[in-house]
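In case you want the letters, here they are:
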Amino acid sequence: MPDVDYYEVLGVGKAASVNEIKTAYRRLAKSHHPDTGGSALTFQLVREAYDTLSDPMRRAGYDAGGRSVRAPIRPRPRRRFGEEPGYEPEPVVIDPDDLEWWEFAAQDARVRHGRRRGPGHTPVVAAVGGMVLVLLPVLTGVGFSAPTLIVWLILTAGTALLVQRLARGYLAASRAKTRFAAEFGGKRVFGTPGVETDELAERLTADLLERYLTRLPGARIFHGLSWPDSVFADVDHAVLCGKRLVLIESKLWLPGHYETDDDDRLLRNGRAFRGGGSRLTESLDEYRRILPGVALRGAMIVYPSRTGEITTDLDDPSPAPPMTPEQFLHEIGGWLAAEPSTVDSATMRVVRDRVVGTV
């Protein structure tokens, strides 16, 4: 194979950041993927370029060893700014008693399929009472005057209608439960978080979501969602509960204070932050288009990339604000807990079908 300039393949400069490389790869791979009518050989080359330049060690070897596609030299990798070798942020552990929604979420473990559920106690009591009133005169042999007979017939018709509606409600709830079990089984988590070395933040968030948000009986967790007309994982995670959906990006960034300004630009310690990109606002726009009627929110969960503390604004008005894991659990967990036991099958189907890879 002839020498190939991987930077030229992706259309980026040699000083391009990992996020710039990833963005370029997604753009090119979308148009060259065989599933969208592209060339398999071109797609393979784009993938090789991305695999090489997105990995610090392979990129250093490629930069030092020239442009050969085969057997790149692998010298000692260069240390990236802010990198602390061997550092991994500790998994977040929070006392559930500190979460206002924790106990409330488990009060009703019965799952509602959509907003449909079996009839409650009040209609049943009314139906039983109506039946007693209807049958009592018959059982006691009381005679009817014309006005009394009219009242009795009205009560009989009303009771019959109520019983019919109760039966329909129970049958509909039972059918919805059966259909849901047949289609989704008992799964609550769909997809898998990233396994690459640069996807540690995704794995931390996956653990966070499964340890805490599965407290909500209706919550369903998704990892790696694509946009419409895309074949790539454009969204790191999502959590659906009823008609509420949160889209999540996981970030491993330098310690500091993160916030957004009035133009929704990301700031670190009061200055424009250019150390990492986000496509979360675009993701929210894409999902609003395919999920009308669903309430959407976005959140960037930020972890420190080295020893130090991450802080964020508690009242950030941005549609996709940076959050600490603790803030996410308090704020987004409470928002999702508004209908903790509801599963909307139609919405869940749309989101599940956007999971990239193994569901």
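Residues numbered from 1 in each chain as written. Predicted model: local features only at pLDDT ≥ 70, side-chain atom pairs only at ≥ 80, totals over all residues. Heavy atoms only, no water.

- Per an unreviewed UniProt entry, the protein chain goes by DnaJ domain-containing protein and derives from Amycolatopsis coloradensis.

1. Some remarks on the overall build of the protein chain
Line of reasoning, step 1. Helix and strand counts for the protein chain stand at 11 helices and 12 strands.
Line of reasoning, step 2. Out of the 359 residues belonging to the protein chain, those deemed buried represent 42%.
Line of reasoning, step 3. A fraction of 68% describes how many contacts in the protein chain between residues 6 or more apart in sequence connect residues 24 or more apart. (Helix = DSSP H or I, 4+ residues; strand = E, 2+ residues; numbered from the N terminus. Buried < 20%, exposed > 50% of the residue type's maximum accessible area, 1.4 Å probe, protein only. Contact = heavy atoms within 4.5 Å.)

2. Brief notes about the packing of aromatic side chains
Line of reasoning, step 1. In the structure shown here, the tally under the stated rule is 10 aromatic pairs.
Line of reasoning, step 2. An angle of 25° between the planes, with centres 4.9 Å apart, marks the rings of tyrosine 6 and tyrosine 62 as stacked. On the criterion of sequence distance, the pair formed by tyrosine 6 in helix α1 (residues 6-10) and tyrosine 62 in helix α4 (residues 56-65) is long-range, its members being 56 residues apart.
Line of reasoning, step 3. Accessibility expressed as a relative area gives 3% for tyrosine 6, which makes it buried.
Line of reasoning, step 4. A relative accessible area of 4% means that tyrosine 62 is categorised as buried.
Line of reasoning, step 5. Here tyrosine 25 and tyrosine 50 contribute two aromatic rings whose centre-to-centre distance is 4.3 Å and whose plane-to-plane angle is 15°, an arrangement assigned as stacked. (Phe/Tyr/Trp six-rings, centres within 6.5 Å; stacked < 30°, edge-to-face > 60°.)

3. Some details on the sheet that holds strand β7 (residues 266-268)
Line of reasoning, step 1. Ordered by their spatial adjacency, 4 strands build an open sheet running β8-β7-β6-β10, and the pairing between neighbours is mixed. Edge positions in the sheet fall to β8 (271-272) and β10 (310-312), since each of these pairs with one other strand and no more.
Line of reasoning, step 2. Where strand β6 (residues 256-260) and β10 come together, 3 bridges link them in parallel fashion. Across the sheet, histidine 257 pairs through a bridge with threonine 311, a residue of β10. (Pairing = 2+ DSSP bridges.)

4. Thoughts on the pattern of salt bridges
Line of reasoning, step 1. Counting across every chain of the model gives 11 salt bridges.
Line of reasoning, step 2. A salt bridge links glutamate 249 to lysine 251, with the shortest nitrogen-to-oxygen separation between them at 3.3 Å.
Line of reasoning, step 3. The class for lysine 251 is buried, based on a relative accessible area of 11%.
Line of reasoning, step 4. A salt bridge links glutamate 286 to arginine 289, with the nearest nitrogen and oxygen atoms 2.9 Å apart. With glutamate 286 and arginine 289 both in helix α9 (residues 280-290), this residue pair falls 3 residues apart, about one helical turn.
Line of reasoning, step 5. For arginine 289, a relative accessible area of 52% translates into the label exposed. (Salt bridge = Lys/Arg side-chain N within 4 Å of Asp/Glu carboxyl O.)

5. Comments concerning the nonpolar core
Line of reasoning, step 1. If you look at the biggest cluster of nonpolar residues, it comprises 30 residues, and the most contacted ones within it are Leu216, Val239, Phe328 and Leu336.
Line of reasoning, step 2. Setting aside anything within four residues of it in sequence, one finds phenylalanine 328 in contact with Leu208, Leu209, Leu213, Val246, Ile248, Ala299, Ile301, Met323 and Gly333.
Line of reasoning, step 3. Core analysis: the second largest hydrophobic core is formed by 28 residues, Val235, Tyr258, Leu280 and Tyr287 among them. (Core = buried A, V, L, I, M, F, W, Y, C linked by side-chain atoms within 4.5 Å.)

6. Considerations on the side chain of serine 230
Line of reasoning, step 1. Here serine 230 is to be found in the loop between β3 (220-225) and β4 (235-241).
Line of reasoning, step 2. Polar contacts involving the side chain of serine 230 include one to the side chain of aspartate 234, which spans 2.8 Å. (Polar contact = N/O pair within 3.5 Å; in protein donor to acceptor, adjacent residues only side chain to side chain.)

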